[in-house]
Amino acid sequence: MKPPVPHRRWALAAATALALVVGGLAIPVTPAAVAAPVGAGSYTTTPVGPLPSGCGAMSSNPRQFATANAPAGPIPTNDWWSSLLWKRTDCSFSEPLHAHPISYDTFGDGLGFSANSTPAISGTATGVGEFHYPYVQDIRVGVAGLAAPLVKVDGWTDWTVSPHWSDGTRTMRATIGHGLPFAYFQTTGGNAQISTAGTPDVWSNSGATIGFRVNGHDYVGYAPGGASWTVASGRISSTLAGRGYFSVALLPPTSSATERAALAATYGQYAHAHVTGTQVSYAYNPATSGLTTTYAFTTTAREGTATQTVVSLYPHQWKSLSGSTAITPTYPSARGRMKVLAGVNQFRTAMKFQGILPELPAVGDGSGGDLSTLTGHLAAARANPMDQRGNDTYWTGKGLGRAARIAEIADQVNDTATRDSALNAIRSTLTDWFTASSGKTSRVFYYDNNWGTLIGYPASYGSDQELNDHHFHYGYYIAAAATLAKFDPAWAATSRYGGMVDLLIRDANNYRRGDTQFPYLRDFDIYAGHDWASGHGSFGSGNNQESSSEGMNFASALIQWGQTTGNTAVRDAGVFLYTTQAAAIQEYWFDVSDQNFPAAFGHSTVGMVWGDGGAYATWFSGEPEMIQGINLLPITGGHLYLGNNPAYVRTNYAELVRNNGGQPTVWQDILWQFQALGDPDAALANLRANPGYTPEEGESRAHTFHWIRNLAALGNVDTTVTGNHPLSAVFSRNGARTYVASNPTATPITVTFSNGTTLTVGAGKTATTGAYTWSGGNAAGGVPPTTPTDPPPTTDPPTTPGTPTRYLLPGGGLGAAGSAATTTVAAANGNHDGTPTNARVFTATGLNLAYAGGQTAFDLFVDAGTAVGNGVQVRISYDLTGNGSWERVETLRYFATDPVTGYEHYTQSAGLSSATGTLGALSNGTVRVEVWSAIGNNPTTLGIGNQSVLRLPYS
């Protein structure tokens, strides 16, 4: 067994990254705190621990590196350009800024450009390895004689930033951004100047336009009309005809001089339409499960009438591009090929939101002895459902996540004692953290007005001084709050503690534009499509993030919280973050299409994405299990995106085994749960073969067993069908689909899937249809769970909505007669008269039949062989409208089998043991048959297919 390694980042710098800027002095703990009320909760406005360090001791004024022109309100952090505000240790300039397709760096005399297209690859294909496109300067753009002592930030928009230079005589303002092949400049006090690495190869110099090649990369300088460029001693300069603006563009690699000239002319049409603003907008349409995202550019015409520009798109964007067509040339980048759109002021992407679940449905837990195994694991967790390792924001979050999973599962199998224990732990923990009483200095949130951030203390992994990982930490709190809100909506009301949850959401990824407390989408890089973990981004390789899956935990938490509390703005923000980042993860962490990582890198995944590349590594461990596992945990119903490509799951897991020299020996539960999304049978076999594994710190044996066992029944995520409800998903095993939806509200809903299938879900319940039909409990106690079929069907059960005669079919259907088959009803090993236990379950859904009067009839083929003392029992339940509630339940007396080999006939003549409710017309109704052993110590064979029959009293 390999020893566990402390889990998280920021302990060490990556080999290729420059040193982390720490700086600053710890702020002494203040004994008394001033509480700001938020509903029944509160936060403190008095510092209780270390604050963001910024650059040296000047951290109390983060706007020291912003000009008076910079936007008012809280400053952004955790971005690709954040080191412009945090600075290096010299408090003057930034680290390289990897915007793509260009990387930039700041110096006293100007802005450096790098178009490095040659990756630096280190390490091995089986061990720790990295690829980077490091900053290698081609040109530096400035003003002749410029010698600025530092660079400030003059403005920013959603994916651009404007650095500013001034030495008292000369000034320069640049605008750079993601996807922009142009950099735009405004200058005073001197000639524009472009210094090149070596002698430039000038291939065109005509009037205001000059084209030249440096280090194999083609650039074009565009001066105002009437100006010209001169070349001398490796420098290109222009007076700009006294007009003080110009732009420089990087051209895509071309195959001929003719193509290069044509591109320069095309770009030239938009060279003076300077991009002065960028803004994203998004729209989620639940009816189609569609997400449309618009990336808009505002331009200012310095001359001419053009209002459009040229942009390049990342793979996650151009693969979902809607309504536009990219032109042929592409740029190389650390994220793969970037495709070009010319003459646009916006573009749109259209993606499908595949849906999430609070937890997998319990369709498989009840087979054989598995329900007993699960309930045993739940009982073991009951006394300490959080089982947290530490008291800081991260480890408290992990404990909350563990308890939320236990609560969801326990509710589904009607273990109310464990469910309530977990909910009580969540409630007491969150209430404590959300209350800033006088003098409280621990388990409290502090709002810092200077930095516009909410910091929890005790902080961890730089969440205080560096503003790292807020989305990682707070996502667990929000997800747990969403689970609690389903069962205790009064606690989650804005007038109680819902307002504190909203503060955590807005701090990490604020969904409100114009909010004066927090920046817009702090942790999410809008154009790159994913989060950044580092608040300052002060590394030579740019910003970074390892645990993309904890970022997705935050996004899925927003969806659940918004849906549960009725806040569609939060829900839709969560859908935007989730859907966009799911696409980015497939491209940049997993490279599922094998197109983005350098061919020589040798890995199918990375543990960390950097601004200039990626690394098969983590901040805290070199073990393959943790390198790959850090982008999988926590496994929740909000992480079904990990299974969108089952073949890739198998590829990823195979790499783990190869690099590890065998099956995992740490974080086995996380890795098996991931494996179950691609090969559930193998994952279940691994779990059963290794009962003594050590759980990962945020996991429980109950959740691991539940997840893997139920995926073995459900199969793989089916991305070809979506629901019109955000908490829904579809699974497929051997062609048989199971449709799942969860309803956290107090009102029944009907979910319609894109193939026309409908599913009615009761208040506070999770329901399934297709291969299985099941409804879980709710806060009021709910419906006793059924014990679904094992194994799942090989085909969709035949449905004949107009036929009252139904056969018990392999896989759990009730339909037209099939081929003769058998299934085994497990031994009772006790007295279960009247209580379905380890039952075989058969279900028909979507029934529309008129009630004809009379009672249910059946003929079940049963045989216990030569065993004596056995008795089988049947229960038949009717859900007349398919809303998850059973209007009529009939339990028959058990049938004592004889010790003679051969089938016997168990029929309705055994008589009713009990009956509740009344029958009526079936309208989209459901009928369920449960067969179990009431007494006896031996199993019974049940004939199915074309043998055991159910005759409904309907016409």
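S.K.: Whenever I open this one, the overall build of the chain confuses me. Can you help?
M.R.: For the chain, the helix and strand inventory stands at 16 helices and 53 strands. Against the 2.2 N^0.38 benchmark of 30 Å for 955 residues, the chain shows a C-alpha radius of gyration of 31 Å, consistent with a compact globule. A principal-axis box enclosing the C-alpha atoms of the chain has dimensions of 105 × 70 × 50 Å. A separation of at least 24 residues holds for 69% of the contacts in the chain among residues at least 6 apart in sequence. Per element, the accessible surface of the chain, about 29400 Å² overall, is 51% carbon and sulfur.

S.K.: It is not clear to me how the sheet that holds strand β32 (residues 608-610) should be interpreted in this structure. Could you clarify?
M.R.: Two modes of strand pairing occur in sheets, parallel and antiparallel, and in both the strands are linked by backbone hydrogen bonds. As summarised here, the arrangement of the five strands in space is β6-β7-β33-β32-β31, forming an open sheet in which the pairing is antiparallel. Single-partner strands in this sheet number two, and they are β6 (120-123) and β31 (544-545). Examined bridge by bridge, β6 and strand β7 (residues 129-132) share four bridges and lie antiparallel to one another. Bridge pairing in β7 links Ala120 to His132.

S.K.: I would appreciate a short explanation of the packing of aromatic side chains in the present structure.
M.R.: Two descriptors summarise a pair of aromatic rings, namely the distance from one centre to the other and the angle between the planes of the rings. Enumeration according to the criterion identifies 55 aromatic pairs in this entry. Between Tyr104 and Phe113, the ring centres sit 5.0 Å apart and the planes meet at 75°, which makes this aromatic pair edge-to-face. We note that Tyr104, like Phe113, is buried. Where Phe212 meets Tyr219, the ring centres are 6.0 Å apart and the plane angle is 20°; that geometry is what we call stacked. For the pair Phe212 and Tyr219, a shared accessibility class is recorded, and that class is buried. The aromatic ring of Tyr520 is capped on one face by Arg513, whose charged end is 4.0 Å from the ring centroid.

S.K.: Mind showing me how you'd approach the pairing of strand β16 (residues 217-222) here?
M.R.: As a general feature of sheets, a regular strand has side chains that alternate between the two faces. Burial analysis of β16 places six of its six residues in the buried class, which makes it a mostly covered element. Where burial is concerned, the two faces of β16 agree: the one with His217, Tyr219 and Gly221 and the one with Asp218, Val220 and Tyr222 are both buried. In this sheet, β16 lies alongside strand β15 (residues 209-214) in antiparallel orientation, the contact comprising six bridges. Following the sheet pairing, Phe212 is matched in β16 by Tyr219.

S.K.: What's the story with the sheet that holds strand β14 (residues 201-206) in this structure? I'm lost.
M.R.: Here we have eight strands laid out as an open sheet, ordered β9-β10-β11-β12-β19-β16-β15-β14, and antiparallel in their pairing. What marks the edges here is a single partner per strand, and that holds for β9 (151-156) and β14. For this sheet, the mean inter-axis angle between neighbouring strands, taken without regard to orientation, is 20°. Examined bridge by bridge, β14 and β15 share five bridges and lie antiparallel to one another. Residue pairing in the sheet places Asp201 in a bridge with Arg213 of β15. Together, β12 (182-188), β14, β15, β16 and β19 (245-250) form the strand contacts of helix α2 (residues 257-268), whose direction differs from that of β16 by roughly 35°.

S.K.: Any chance you could explain empty space enclosed by the protein here in plain terms?
M.R.: By the definition in use, this model includes eleven cavities of 30 Å³ or more. In terms of lining residues, the largest cavity is bounded by 24 residues, among which Gly401, Arg405, Asn553, Pro634 and Thr636 are the most central. Contributing elements (two or more residues each) for the lining of the largest cavity: α5 (393-412), α7 (470-487) and α10 (548-565). At five residues, α5 tops the list of elements feeding residues into the lining of the largest cavity. A per-class count over the lining of the largest cavity returns nine nonpolar, ten polar and five charged. Approximately 100 Å³ is the volume found for the second largest cavity. As for the second largest cavity, its lining consists of 14 residues, of which His100, Pro101, Ser103, Asn116 and Tyr133 are closest to the centre.

What counts as what
Residues numbered from 1 in each chain as written. Predicted model: local features only at pLDDT ≥ 70, side-chain atom pairs only at ≥ 80, totals over all residues. Heavy atoms only, no water. Helix = DSSP H or I, 4+ residues; strand = E, 2+ residues; numbered from the N terminus. Rg over C-alpha atoms; globule rule 2.2 N^0.38 Å. Contact = heavy atoms within 4.5 Å. Areas by Shrake-Rupley, 256 points an atom, 1.4 Å probe, with all protein chains shown as cover. Pairing = 2+ DSSP bridges. Phe/Tyr/Trp six-rings, centres within 6.5 Å; stacked < 30°, edge-to-face > 60°. Buried < 20%, exposed > 50% of the residue type's maximum accessible area, 1.4 Å probe, protein only. Lys NZ or Arg CZ within 6 Å of the ring centre and 35° of its normal. Axes fitted to C-alpha atoms, helices over the stretch in contact; angles between N-to-C directions. 1 Å grid on protein atoms, 1.4 Å probe; cavity = no way out; pocket = protein on both sides within 12 Å on 5 of 7 lines; lining within 4 Å. Points joined across faces, edges and corners; volume = space filled by probe spheres on them. Nonpolar A, V, L, I, M, F, W, Y, C, P; charged D, E, K, R; others polar.

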